[in-house]
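# Coordinate inspection notes
Chain by chain, the residues:
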Amino acid sequence: MSDYIEPDTPEISNNHNTTDFNNDHTNLSNVDISNPFESINDDIIQDNSAETTKSSRGTLDESIIQTLKRDINDINLTLKKVVYPHFPSRQLLSSRGNSTDNLPQETTTQSINEQQPNIEDISANSDLWAPLIFIITYSLCVSHAHTLFSSLFVLCWIMLLIMSLHMRLTKPYENVNLISYVSLSGYCIFPQVINAILTQILFPILIKISGSGRHWTIRIITLLKLITLVLCLLWSLTSISLVTKSKGFIQIFPLGLCLLGLGWLATIL
Amino acid sequence: MSNTKYGALNGIDDDLDGVDDFTNEPNPFEDTRHVASSSKNNSSSHIVPDFDTKSMATTLLPDYNDVVADQPPLQPIQQQHLNELFSSSNNNNNNNNSNNSNNVAATTAAGEHGELPPGLINYYSKFFQLSTETFKGRFLRSLRINQLIFESEDYNPESRELFGAIWITCAIVLVKFMFPGLINLFHYGIIKGERISESVPSNDRDKIYWNLIHSIWLFGIYSFVVPFIVLQIILKDDTNGEENGLPQNETSIDGSGRHMTINSNAKNLIGLITVYGYGNSIWLFILPILDIVNSLATKFKIAIAIEWAIIALAYVKTAQYMNMQICNRGNGHVRLPFTMIFILGFHIIFSVLLMFTLY
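None of these values were measured; they are calculated from a predicted model.

### Digging into the confidence of the model for chain B
Residues and elements named next belong to chain B. Here chain B averages 71 in pLDDT, and 57% of its residues register 70 or above. Ranking the helices and strands of chain B by mean pLDDT puts helix 9 (residues 163–192) first, with 92, and helix 6 (residues 101–113) last, with 41. Per-residue pLDDT stays below 50 along residues 35–52; that stretch engages in 25 contacts with residues further than four places along the chain or on separate chains. Among the scores for the predicted complex, ipTM is 0.71 and pTM is 0.69.

Okay, here's the thing in structure tokens:
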């Protein structure tokens, strides 16, 4: 018993228990004897196992690679809920157009809301690791790891804070705290990171590769930069407005302004 | 969640303090209004236009003990009925349920607690609650000549907001930052097919970022600090005008019975910030024009004169706007109040400094 390492959270211990008991009862290193109500809690844990994935971090009995993989998977899971489905594709736009044209308004709103992930579910599992990673990547790409990095890093966090404050102030009746809004906004700048990678790394490489006919290449790439800016801006804006259920000009315009500022910096610097 | 292990514990008192001692009492962590609204949201979660978010945001909810003390224990059927009543009162904001004693108790308790203190974020949310139509109407009226941005000259606390002042100013700063870069992008990147980093001198690129910083502090001070100074002058000027026996308007009398020459909406800080914020909206259109003219200034020297002419026109328009919003229109007496001299003076300084950010 002396070599037993107690996990940080009871949930993780119980998760380990359920999996390990199923696999092999002889592996006692993961058995948590510190919780006498373990068997009573099993039913609750099993029901909530999907929801507790985010809180089940911080174990000491796994390798760093495993922890990193799990964290990246968690971030990817949230991105799947928050960002990926809201790419401004023809399907999304047409579904919106059809729904608003043909169906009654109440039914339309209901169906849209059923498709959207619940903000409280997402915000309950919010984290700041993903925004930190996105902001560092964005700042590195845009500044080319030079002196501008610190300014961009601070500016990005200020932008997230401003967006969160705006949402908090315009929607005081929502049961979401400021940090959750910061996290959600941070996830929604993911398209801006893609924009920064494309405009600051990929497009310059394309210009260097094309030796002859350089003027036309630059013209095309400049146009591509503008198109990427608009697409990524629409993507970010759609994501953040759908996930936070921001509606109307008053709620969306400031978000668009902040995201446009970030996108423009990546395009012009 | 059916748990036989939990079920086995029901009704058994283990003589120890625990959850089983409080099973007959209502759960203090359950907010009936929240439950009602969230259940409503599940069915159709769009924001209802009549939803009184401003009062919800700025009033303290009653303490749990206050509400519970005023009401008898609720049966499950009553609790369900209460949820429905709260739900309907949130949506319709009508008096159909005014006979419900629980609702009255909650409202009374909220009133006794008063507004939120300014230290909380939700206190400021009332300044950001406005409809798109209101914003659009004010924005368009601020661009027209001889129109008040507020719906009436009378003092109305509900008409004050900070949304327009803050976000119009931010939009102007962003336009000021974006437009020179956009011109360079089109001129060098698309028309000439050259790399901006090679074609545009680094000094010019640095200038764009310095101009951004200068725009931020300039517009920040003009939109939020100058109104505070002007308010002090307005309050002093208003008192002096009354003491000196200057002709006053007979129809516009404020709550305390004093005659006024200054518009009542401009007599408080938030109202004045709103006036200054919407007054900036003209620069949303002037600054891009100035940037385009400025990009031609290297080739045509007359462009500099055109720039000053444009900024003078913008100054005249904004000065007229300020006079319209701050001086009371109901006053038949034509007098340039002492305040207006200061307001126009500040505005001249601001316009000239803004002009220098072009160079």
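### A short note on the packing of helix 7 (residues 129–143) of chain A against helix 9 (residues 178–188) of chain A
For any two helices packed against each other, one specifies the inter-axial angle together with the distance between the axes. Residue and element names in this part refer to chain A. As a packed pair, helix 7 and helix 9 sit with axes 8 Å apart at the nearest point and diverge in direction by 40°. The pairing of helix 7 with helix 9 is recorded here as oblique in orientation. When you trace helix 7 past helix 9, the crossing you get is left-handed. The residues of helix 9 that touch helix 7, namely those facing Ala130, Pro131 and Phe134, are Val182, Ser183, Gly186 and Tyr187. Its residues assigned to classes, the contact of helix 7 with helix 9 comprises five nonpolar, two polar and no charged.

### Observations concerning the nonpolar core
Counting 108 residues, the largest nonpolar core has Phe134 and Tyr138 of chain A together with Trp283, Met322 and Ile326 of chain B as its most contacted members. It is helix 9 of chain B that contributes the most residues to this core, 13 residues altogether.

### What to know about the environment of isoleucine 306 of chain B
Mapped onto the fold, isoleucine 306 of chain B is located in helix 14 (residues 302–326). Residue classification places isoleucine 306 of chain B among the partly exposed residues on the basis of a relative accessible area of 39%.

### As for the UniProt feature "transmembrane region" (unreviewed entry) in chain B
Residue and element names in this part refer to chain B. Mapped onto the present numbering, the UniProt feature "transmembrane region" (unreviewed entry) falls at residues 162–188, 208–231, 269–290, 296–316 and 336–358. Summarising residues 162–188: 96% helix, 0% strand, and an end-to-end C-alpha distance of 39 Å. Taken end to end, residues 269–290 is 86% helix and 0% strand, and its two terminal C-alpha atoms sit 31 Å from one another.

Thresholds applied
Residues numbered from 1 in each chain as written. Chains lettered and ligands numbered in written order. Predicted model: local features only at pLDDT ≥ 70, side-chain atom pairs only at ≥ 80, totals over all residues. Heavy atoms only, no water. pLDDT = per-residue confidence, 0-100. Helix = DSSP H or I, 4+ residues; strand = E, 2+ residues; numbered from the N terminus. Contact = heavy atoms within 4.5 Å. Axes fitted to C-alpha atoms, helices over the stretch in contact; angles between N-to-C directions. Parallel < 35°, antiparallel > 145°, perpendicular 65-115°, else oblique. Left-handed = near helix turned anticlockwise from the far one by under 90°. Nonpolar A, V, L, I, M, F, W, Y, C, P; charged D, E, K, R; others polar. Core = buried A, V, L, I, M, F, W, Y, C linked by side-chain atoms within 4.5 Å. Buried < 20%, exposed > 50% of the residue type's maximum accessible area, 1.4 Å probe, protein only. UniProt positions renumbered as here; feature names shortened; annotations may be inferred.

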